[in-house]
Amino acid sequence: MATVHLRIGDLVWGKLGRYPPWPGKIVSPPKDLKKPRGKKCHFVKFFGTEDHAWIKVEQLKPYHPHKDEMIKINKGKRFQQAVDAVEDYLKKAKSKDQNSEGKAESKGKKKPLKILDEDDEDLSALKDPSEKPVKDDPHFHHFLLSQSDKPASSMEPISKRLKIVEEDSGSTSIQAADSTAINGSITPTDKRIGFLGLGLMGSGIVSNLLKMGHVVTVWNRTAEKCDLFIQEGARLGRTPAEVVSMCDITFSCVSDPKAARDLVLGPSGVLQGIRPGKCYVEMSTVDPETITELSQVITSRGGRFLEAPVAGSQQLSNDGMLVIVAAGDRTVYEDCSSCFMAMGKTSFFLGEAGNAARMMLILNMVQGSFMATIAEGLTLAQATGQSQQTFLDILCQGQMASTFVDQKCQNILQGNFKPDYYLKHIQKDLRLAISMGDNANHPTPMAAAANEVYKRAKALDQSDNDISAVYRAYIH
């Protein structure tokens with residue numbers, strides 16, 4: 001395939017990380033923004049947005065030859081608005097060109113069409129002033145390429161709006177799902193998707209399902225939370241039963257075992273809408289016994305059941321970078337492929353129903369215990385006259401360095417406990433993990449100790465804060 005040479009002024013489709021191609025224009029970068037070293041890339045200003053980024057040449061395609069292809073594979077209101085902005089820009093450019101030709105003919109010479117830089121009024125006017133900038137939109141996150149060539153998952157987001165809140169049965173090997181969502185566009189399933197529960201995790205999941213072109217019907221106990229998603233193209237279900245009856249695959253993501261049971265077994269619940277062939281996917285982190293009960297009642301009505309709890313946080317949910325751990329009906333797992341690619345960076349199938357619940361409780365037990373230990377270290381540093389910031393700096397240069405450690409410790413030092421994962425939920429997971437250990441006659445002393453600290457934090461009214469607020473249990 002012949003190399004396409006691009007230059008300033010060219011209209012392109014820019015592909016960055018896991019996000020779909022977006023129309024843009026190659027412009028001159030600001031003088032203080034250096035080109036990443038060792039990269040062949042162009043600086044692109046995206047239409048209908050205030051976003052711009054260095055984009056590698058292999059992630060750029062000329063606008064006109066690929067227009068039909070891109071419109072076919074991408075969906076969404078914001079995407080269509082961006083395409084309309086390009087067409088408006090082309091009309092204005094054509095009009096300017098014709099005017100320039102007319103003036104040139106009258107003077108006996110022809111003036112070239114002006115190439116606009118990102119600061120030109122014509123380019124900034126491409127946005128509809130009545131629209132909120134896409135930098136505040138959950139359906140279009142751009143990442144600025146760093147000079148250290150970090151992968152998309154570790155780049156710093158420069159735009160975001162939504163702040164609401166293995167394999168063959170019996171096998172223990174792991175099979176990761178296709179990572180197309182990270183490396184390119186995905187083709188959304190033609191199945192109708194339902195989603196119940198728009199909390200910290202569910203909101204980001206639905207946002208990404210819509211962004212990737214899925215047809216989604218939503219329901220939430222607090223109906224007002226549905227409004228934003230209705231504006232972005234989702235449909236509204238009046239009850240869980242109605243959502244299930246309208247959709248082919250219905251996902252649920254709620255707070256705890258009781259909420260999960262009530263959603264299925266309660267008045268106008270899921271069970272009333274289940275018919276043969278309907279699929280139900282439980283994404284809540286609950287105990288294996290609850291999963292077994294829900295699986296039995298769903299399949300007793302001819303439904304198909306999958307559990308698929310997620311490892312991650314609100315931020316990872318918003319970014320579509322969750323890890324999905326699934327078990328149950330393998331065919332449902334396969335039918336959910338495009339949904340899992342939209343909401344996560346990878347997924348695992350662990351065999352029979354209940355295995356995913358067990359695995360997720362173990363993962364959250366480790367995370368909760370680790371967070372309590374980090375908080376203990378920070379407070380001990382303070383109590384012994386050591387700098388907490390220095391403790392963190394040293395920690396982040398060693399083998400325990402991670403984004404999780406850095407972010408949670410920085411939140412603690414700044415006194416910022418805005419929930420990314422509720423403290424009450426990690427305490428619930430610790431409690432369930434300890435119970436699971438009891439049933440298996442396996443000791444869980446570290447989890448039991450951490451659980452007592454979280455219970456203390458809850459007694460200090462930290463339930464609805466982030467898990468890092470466990471720090472306050474040590475200082476009160």
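Keep in mind it's a predicted model, so treat the numbers as computed, not measured. (Residues numbered from 1 in each chain as written. Predicted model: local features only at pLDDT ≥ 70, side-chain atom pairs only at ≥ 80, totals over all residues. Heavy atoms only, no water.)

**Q** Lay out the overall build of the protein in plain terms, naming residues and giving numbers.
**A** Scanning the protein from N- to C-terminus turns up 19 helices and 14 strands. Across the 476 residues of the protein, 50% fall into the buried class. Of the roughly 22,600 Å² of accessible surface on the protein, 51% is carried by carbon and sulfur atoms. (Helix = DSSP H or I, 4+ residues; strand = E, 2+ residues; numbered from the N terminus. Buried < 20%, exposed > 50% of the residue type's maximum accessible area, 1.4 Å probe, protein only. Areas by Shrake-Rupley, 256 points an atom, 1.4 Å probe, with all protein chains shown as cover.)

**Q** Which residues make up the environment of Thr 379, and what values do they have?
**A** By the secondary structure assignment, Thr 379 is in helix α14 (residues 355–383). Note on Thr 379: relative accessible area 11%, which makes it buried. Separated by 95 residues in sequence, Thr 379 and Tyr 474 have C-alpha atoms that sit 6.8 Å apart. Contacts of Thr 379, omitting those with residues within four sequence positions, involve Gln 388, Tyr 471, Tyr 474 and Ile 475. (Contact = heavy atoms within 4.5 Å.)

**Q** Break down the sheet that holds strand β3 (residues 41–46) for me, with residues and values.
**A** Strand order across the open sheet formed by five strands is β4-β3-β2-β1-β5, with antiparallel pairing between neighbours. Here the strands that pair on one side only, and so sit at the sheet edges, are β4 (52–56) and β5 (60–62). Going from strand to strand, the sheet's axes swing by 45° on average, the running direction of each strand aside. (Pairing = 2+ DSSP bridges. Axes fitted to C-alpha atoms, helices over the stretch in contact; angles between N-to-C directions.)

**Q** Requested: an account of the environment of Lys 56, with residues and values cited.
**A** Position of Lys 56 relative to the elements: it lies in strand β4. In this structure, the C-alpha to C-alpha distance between Lys 56 and Leu 16, residues 40 residues apart in sequence, is 8.4 Å.

**Q** How would you summarise the packing of helix α17 (residues 423–439) against helix α18 (residues 445–459) if you had to cite specific residues and measurements?
**A** Viewed as axis vectors pointing N to C, α17 and α18 meet at an angle of 145°, and their least axial separation amounts to 9 Å. Crossing geometry of α17 relative to α18 is assigned as left-handed. Together, Leu 423, Ile 426, Gln 427, Leu 430, Arg 431 and Ile 434 of α17 and Ala 447, Ala 448, Ala 450, Asn 451, Tyr 454, Lys 455, Ala 457 and Lys 458 of α18 make up the contact between the two elements. Taken together, the residues that form the contact of α17 with α18 break down as nine nonpolar, two polar and three charged. (Left-handed = near helix turned anticlockwise from the far one by under 90°. Nonpolar A, V, L, I, M, F, W, Y, C, P; charged D, E, K, R; others polar.)

**Q** So what's going on with α18? Which residues, and what values?
**A** Its 15 residues give α18 an end-to-end C-alpha distance of 21 Å, which sits within 8% of 21 Å, the value for a rise of 1.5 Å per residue. Listed as buried for α18 are Ala 447, Ala 450, Asn 451, Val 453, Tyr 454 and Ala 457. Projection of α18 onto a plane perpendicular to its axis shows the buried side chains occupying an angular sector of 165°, all on one side. Seen from the buried face of α18, the exposed residues on the opposite side, beyond 90 degrees, are Pro 445 and Ala 459. (Expected span 1.5 Å × (residues − 1). Arc of directions from axis to C-beta.)

**Q** Tell me about helix α8 (residues 257–265), and name the residues and values.
**A** An α-helical segment advances 3.6 residues per turn. Residues three or four places apart therefore align on the same side. Along α8, the positions that sit buried rather than exposed are Pro 257, Ala 260, Leu 263 and Val 264. What you see down the axis of α8 is that its buried residues fit within an arc of 130°, all on one side. One side-chain oxygen at the N-terminal end of α8 lies 3.2 Å from the backbone nitrogen of Lys 258; it belongs to Asp 256. (Polar contact = N/O pair within 3.5 Å; in protein donor to acceptor, adjacent residues only side chain to side chain.)

**Q** So what's going on with unusual backbone geometry? Which residues, and what values?
**A** One can expect most non-glycine residues to show negative phi and most peptide bonds to be in trans. Positive phi values are uncommon outside glycine, yet Ser 268 reaches one of about 55°. Here Ser 268 shows up in the loop between α8 and α9 (270–273). Positive phi is not limited to glycine here, since Asn 441 has a value of about 55°. With respect to the helices and strands, the residue Asn 441 is situated in the loop between α17 and α18. Taking the relative accessible area as the measure of exposure, Asn 441 reaches 71% and is therefore exposed.

**Q** Could you give an account of the packing of aromatic side chains, with specific residues and numbers?
**A** Counted by the stated rule, this structure contains eleven aromatic pairs. Here the aromatic rings of Tyr 333 and Phe 340 are separated by 5.9 Å at their centres, their planes lie at 45°, and the arrangement is tilted. Relative accessible area serves as the criterion here: at 4%, Phe 340 is assigned to the buried category. Clustering of aromatic rings is evident, with ring pairs tying together Phe 195, Phe 251, Tyr 333, Phe 340 and Phe 349. Note that Arg 330 overlies the ring of Phe 349, its terminal NZ or CZ placed 4.9 Å from the centroid. Over the ring of Tyr 422 we find Lys 424, and its NZ or CZ is 5.1 Å from the ring centre. (Phe/Tyr/Trp six-rings, centres within 6.5 Å; stacked < 30°, edge-to-face > 60°. Lys NZ or Arg CZ within 6 Å of the ring centre and 35° of its normal.)

**Q** How would you sum up the nonpolar core? Please name residues and give values.
**A** In terms of nonpolar packing, the biggest core is built from 36 residues, with Phe 195, Phe 251 and Met 283 touching the most fellow members. Of all the secondary-structure elements, those providing two or more residues to this core are β6 (193–196), α5 (200–211), β7 (216–219), β9 (249–252), β10 (279–282), β13 (322–328), α12 (330–335) and α13 (337–343). In this structure, Leu 361, Val 405, Met 436 and Ala 457 belong to the second largest nonpolar core, which totals 31 residues. (Core = buried A, V, L, I, M, F, W, Y, C linked by side-chain atoms within 4.5 Å.)

**Q** Describe in detail the state of the cysteines, supporting the description with residues and values.
**A** By the definition in use, this model includes zero disulfides. Cysteine Cys 409 shares no disulfide, and the gap to the nearest cysteine sulfur, in Cys 396, comes to 6.5 Å. Of the residues examined, Cys 409 reaches a relative accessible area of 0% and is grouped as buried. (Disulfide = S-S within 2.5 Å.)

**Q** Which residues make up the confidence of the model for the protein, and what are the values?
**A** For the protein, per-residue confidence averages 82 on the pLDDT scale, and residues scoring 70 or more make up 79% of the total. Residue range residues 109–184 is modelled with pLDDT below 50. Its contacts to residues more than four positions away, or to other chains, number 195 contacts. (pLDDT = per-residue confidence, 0-100.)

**Q** How would you explain the pairing of β10 if you had to name every residue and give the values?
**A** On β10, burial covers both faces: Cys 279 and Val 281 on one face and Tyr 280 and Glu 282 on the other are all buried. Across four bridges, β10 lies against strand β11 (residues 304–307) in parallel orientation. Following the sheet pairing, Val 281 is matched in β11 by Leu 306. Tracing the backbone out of β10, into helix α10 (residues 288–300) and back to the parallel element β11 gives a crossover that is right-handed. (Right-handed = clockwise from strand over helix to strand, strands pointing away.)

**Q** Give a detailed account of the environment of Glu 352, specifying residues and quantitative values.
**A** Within the secondary structure, Glu 352 sits in the loop between β14 (344–349) and α14. Taking C-alpha positions, Glu 352 is 9.4 Å from Glu 307, a pair spaced 45 residues apart along the chain.

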